[in-house]
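Observations on the model geometry
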Amino acid sequence: MEILIPGLILVGFMVWASTRIKRNAARAFEREDIDTSDFSLIKPDGFLAVAEPPDGLLFSAYSKEFGTGEAESIRRATAEVIKLPAASIGDVIDGERSDASRIVEESSGIVNEMKYAYVVLEESRNGVESLVYTKSYFTGDAVVRLSATCLKEHATDFTPKLEGMLASFIVK
(Lines give C-alpha, C1' and ligand atoms only; values in the text may rest on other atoms or scores of the structure.)
Protein backbone atom coordinates (compact mmCIF):
# COMPACT_ATOMS: atom_id res chain seq x y z
CA MET A 1 0.00 0.00 0.00
CA GLU A 2 2.81 2.41 0.84
CA ILE A 3 4.16 1.96 -2.75
CA LEU A 4 0.75 2.36 -4.39
CA ILE A 5 0.15 5.98 -3.34
CA PRO A 6 3.58 7.33 -4.51
CA GLY A 7 3.19 5.27 -7.70
CA LEU A 8 -0.21 6.84 -8.43
CA ILE A 9 1.20 10.31 -7.74
CA LEU A 10 4.10 9.60 -10.13
CA VAL A 11 1.77 8.33 -12.87
CA GLY A 12 -0.49 11.37 -12.42
CA PHE A 13 2.50 13.71 -12.72
CA MET A 14 3.70 11.90 -15.87
CA VAL A 15 0.26 12.21 -17.49
CA TRP A 16 0.10 15.92 -16.61
CA ALA A 17 3.62 16.57 -17.97
CA SER A 18 2.98 14.60 -21.18
CA THR A 19 -0.25 16.52 -21.86
CA ARG A 20 1.47 19.84 -21.25
CA ILE A 21 4.38 18.96 -23.59
CA LYS A 22 2.00 17.87 -26.36
CA ARG A 23 -0.08 21.05 -25.99
CA ASN A 24 3.02 23.29 -26.17
CA ALA A 25 4.39 21.39 -29.18
CA ALA A 26 1.08 21.80 -31.04
CA ARG A 27 1.05 25.52 -30.18
CA ALA A 28 4.44 25.96 -31.91
CA PHE A 29 2.81 25.13 -35.27
CA GLU A 30 0.02 27.72 -34.87
CA ARG A 31 -0.19 31.04 -36.74
CA GLU A 32 2.21 33.60 -35.25
CA ASP A 33 3.12 37.25 -35.77
CA ILE A 34 6.90 37.57 -36.18
CA ASP A 35 8.13 41.10 -35.48
CA THR A 36 11.86 41.87 -35.43
CA SER A 37 13.88 45.06 -35.75
CA ASP A 38 14.47 44.26 -39.46
CA PHE A 39 11.10 42.94 -40.67
CA SER A 40 7.66 41.65 -39.73
CA LEU A 41 5.55 38.84 -41.16
CA ILE A 42 2.79 36.43 -40.24
CA LYS A 43 3.92 32.81 -40.02
CA PRO A 44 0.96 30.65 -41.12
CA ASP A 45 -0.31 27.68 -39.17
CA GLY A 46 1.42 24.41 -39.97
CA PHE A 47 4.90 25.99 -39.90
CA LEU A 48 7.48 25.89 -37.12
CA ALA A 49 9.77 28.91 -36.78
CA VAL A 50 13.33 27.96 -35.89
CA ALA A 51 14.32 29.64 -32.60
CA GLU A 52 17.89 30.27 -33.75
CA PRO A 53 18.06 30.32 -37.56
CA PRO A 54 21.25 29.08 -39.24
CA ASP A 55 24.05 31.60 -39.80
CA GLY A 56 23.21 34.30 -42.30
CA LEU A 57 19.43 33.92 -41.97
CA LEU A 58 17.20 36.38 -40.13
CA PHE A 59 14.28 33.91 -40.04
CA SER A 60 13.69 30.28 -40.91
CA ALA A 61 10.54 28.12 -40.77
CA TYR A 62 9.44 24.77 -42.13
CA SER A 63 6.31 22.66 -42.47
CA LYS A 64 5.60 19.73 -40.24
CA GLU A 65 5.23 17.26 -43.10
CA PHE A 66 7.78 15.81 -45.52
CA GLY A 67 7.30 15.05 -49.21
CA THR A 68 6.73 11.62 -50.69
CA GLY A 69 8.70 9.42 -53.09
CA GLU A 70 11.96 11.06 -54.16
CA ALA A 71 11.17 14.02 -51.89
CA GLU A 72 10.65 11.99 -48.72
CA SER A 73 13.57 13.72 -46.97
CA ILE A 74 12.47 17.23 -48.03
CA ARG A 75 9.98 19.35 -46.09
CA ARG A 76 6.81 20.13 -48.06
CA ALA A 77 7.38 23.84 -47.49
CA THR A 78 10.09 26.09 -46.08
CA ALA A 79 10.56 29.82 -45.65
CA GLU A 80 13.56 31.98 -44.86
CA VAL A 81 14.50 35.64 -44.64
CA ILE A 82 18.00 36.71 -45.58
CA LYS A 83 19.76 40.06 -45.85
CA LEU A 84 21.96 40.26 -48.94
CA PRO A 85 24.47 43.01 -49.58
CA ALA A 86 23.62 43.96 -53.15
CA ALA A 87 24.02 46.87 -55.50
CA SER A 88 20.37 46.62 -56.54
CA ILE A 89 17.28 44.49 -56.30
CA GLY A 90 17.88 43.60 -59.96
CA ASP A 91 21.07 41.76 -58.99
CA VAL A 92 19.10 39.52 -56.64
CA ILE A 93 16.32 38.90 -59.18
CA ASP A 94 18.84 38.05 -61.90
CA GLY A 95 20.37 35.47 -59.53
CA GLU A 96 16.94 33.96 -58.89
CA ARG A 97 16.20 33.78 -62.61
CA SER A 98 19.41 31.87 -63.29
CA ASP A 99 18.32 29.09 -60.88
CA ALA A 100 14.78 28.86 -62.26
CA SER A 101 13.39 26.38 -64.75
CA ARG A 102 10.58 28.81 -65.51
CA ILE A 103 9.36 32.18 -64.23
CA VAL A 104 5.66 31.89 -63.35
CA GLU A 105 4.96 35.44 -62.17
CA GLU A 106 6.87 38.67 -61.66
CA SER A 107 5.84 42.08 -60.34
CA SER A 108 7.33 45.04 -58.51
CA GLY A 109 6.26 48.16 -56.68
CA ILE A 110 6.95 50.44 -53.75
CA VAL A 111 5.89 49.93 -50.12
CA ASN A 112 6.91 52.30 -47.31
CA GLU A 113 9.13 54.16 -49.78
CA MET A 114 11.10 50.95 -50.50
CA LYS A 115 11.20 49.22 -53.86
CA TYR A 116 10.19 45.56 -53.80
CA ALA A 117 10.00 42.71 -56.29
CA TYR A 118 7.73 39.66 -56.15
CA VAL A 119 8.76 36.63 -58.20
CA VAL A 120 7.33 33.10 -58.46
CA LEU A 121 9.63 30.50 -60.03
CA GLU A 122 9.58 26.81 -60.84
CA GLU A 123 12.71 24.88 -59.91
CA SER A 124 13.82 21.31 -60.40
CA ARG A 125 16.61 19.88 -58.26
CA ASN A 126 17.54 16.21 -58.17
CA GLY A 127 14.29 15.32 -59.92
CA VAL A 128 12.14 17.15 -57.35
CA GLU A 129 10.03 20.02 -58.67
CA SER A 130 9.32 23.01 -56.44
CA LEU A 131 7.66 26.40 -56.57
CA VAL A 132 9.69 29.25 -55.11
CA TYR A 133 7.96 32.47 -54.03
CA THR A 134 10.21 35.44 -53.27
CA LYS A 135 9.56 38.98 -52.10
CA SER A 136 12.63 41.20 -51.96
CA TYR A 137 12.95 44.75 -50.60
CA PHE A 138 15.81 47.10 -51.51
CA THR A 139 16.72 49.04 -48.35
CA GLY A 140 19.37 51.26 -49.93
CA ASP A 141 22.45 49.27 -48.93
CA ALA A 142 21.08 45.72 -48.98
CA VAL A 143 18.25 43.53 -50.15
CA VAL A 144 16.07 41.76 -47.56
CA ARG A 145 14.40 38.75 -49.16
CA LEU A 146 11.71 36.34 -48.00
CA SER A 147 11.96 33.12 -49.97
CA ALA A 148 9.25 30.48 -49.52
CA THR A 149 9.51 27.12 -51.27
CA CYS A 150 6.98 24.32 -51.55
CA LEU A 151 7.06 21.00 -53.33
CA LYS A 152 5.05 21.31 -56.52
CA GLU A 153 2.94 18.23 -55.71
CA HIS A 154 1.73 19.98 -52.52
CA ALA A 155 1.28 23.46 -54.01
CA THR A 156 -2.50 23.44 -53.64
CA ASP A 157 -2.15 22.99 -49.86
CA PHE A 158 0.66 25.49 -49.30
CA THR A 159 0.25 28.22 -51.94
CA PRO A 160 -2.44 30.15 -50.01
CA LYS A 161 -0.38 30.00 -46.81
CA LEU A 162 2.84 31.09 -48.53
CA GLU A 163 1.13 33.90 -50.45
CA GLY A 164 -0.36 35.13 -47.16
CA MET A 165 3.07 35.13 -45.53
CA LEU A 166 4.57 37.00 -48.50
CA ALA A 167 1.74 39.57 -48.44
CA SER A 168 2.37 40.21 -44.73
CA PHE A 169 6.16 40.54 -45.17
CA ILE A 170 7.24 44.15 -44.49
CA VAL A 171 10.81 45.39 -44.10
CA LYS A 172 11.43 48.19 -41.59
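Residues numbered from 1 in each chain as written. Predicted model: local features only at pLDDT ≥ 70, side-chain atom pairs only at ≥ 80, totals over all residues. Heavy atoms only, no water.

This part covers the overall build of the protein. Looking only at helices and strands, one finds three helices and ten strands in the protein. In sequence order, the secondary structure elements of the protein are arranged as α-β-β-β-β-β-α-β-β-β-β-α-β. Overall, the protein is about 75 × 40 × 25 Å in size when its C-alpha atoms are taken along their principal axes. The contacts of the protein with a sequence gap of at least 6 include a subset with a gap of at least 24, amounting to 45%. (Helix = DSSP H or I, 4+ residues; strand = E, 2+ residues; numbered from the N terminus. Contact = heavy atoms within 4.5 Å.)

This next bit is on the sheet that holds strand 5 (residues 77–84). Here we have seven strands laid out as an open sheet, ordered 3-4-5-9-8-7-6, and antiparallel in their pairing. The open sheet has two free edges, formed respectively by strand 3 (47–49) and strand 6 (102–111), since each of these has just one partner strand. Each neighbouring strand pair of the sheet contributes to a mean axis angle of 15°, computed without reference to strand direction. (Pairing = 2+ DSSP bridges. Axes fitted to C-alpha atoms, helices over the stretch in contact; angles between N-to-C directions.)

Moving on, we come to the layout of surface pockets. Reported here for the largest pocket is a volume of approximately 530 Å³. Along the wall of the largest pocket there are 24 residues; nearest its centre are Glu123, Arg125, Val132, Ser147 and Thr149. Contributions of two or more residues to the lining of the largest pocket are made by strand 5, helix 2 (89–99), strand 7 (114–125), strand 8 (128–138) and strand 9 (143–151). Along the lines of polarity and charge, the residues of the lining of the largest pocket split into nine nonpolar, six polar and nine charged. (1 Å grid on protein atoms, 1.4 Å probe; cavity = no way out; pocket = protein on both sides within 12 Å on 5 of 7 lines; lining within 4 Å. Points joined across faces, edges and corners; volume = space filled by probe spheres on them. Nonpolar A, V, L, I, M, F, W, Y, C, P; charged D, E, K, R; others polar.)

Here we come to the sheet that holds strand 10 (residues 170–171). With respect to topology, three strands assemble into an open sheet ordered 1-2-10, the strand pairing being antiparallel. The strands lining the two open edges of the sheet, one partner per strand, are strand 1 (32–35) and strand 10. Strand direction decides the pairing type here: strand 2 (residues 39–43) and strand 10, joined by two bridges, are antiparallel. Following the sheet pairing, serine 40 is matched in strand 10 by isoleucine 170.

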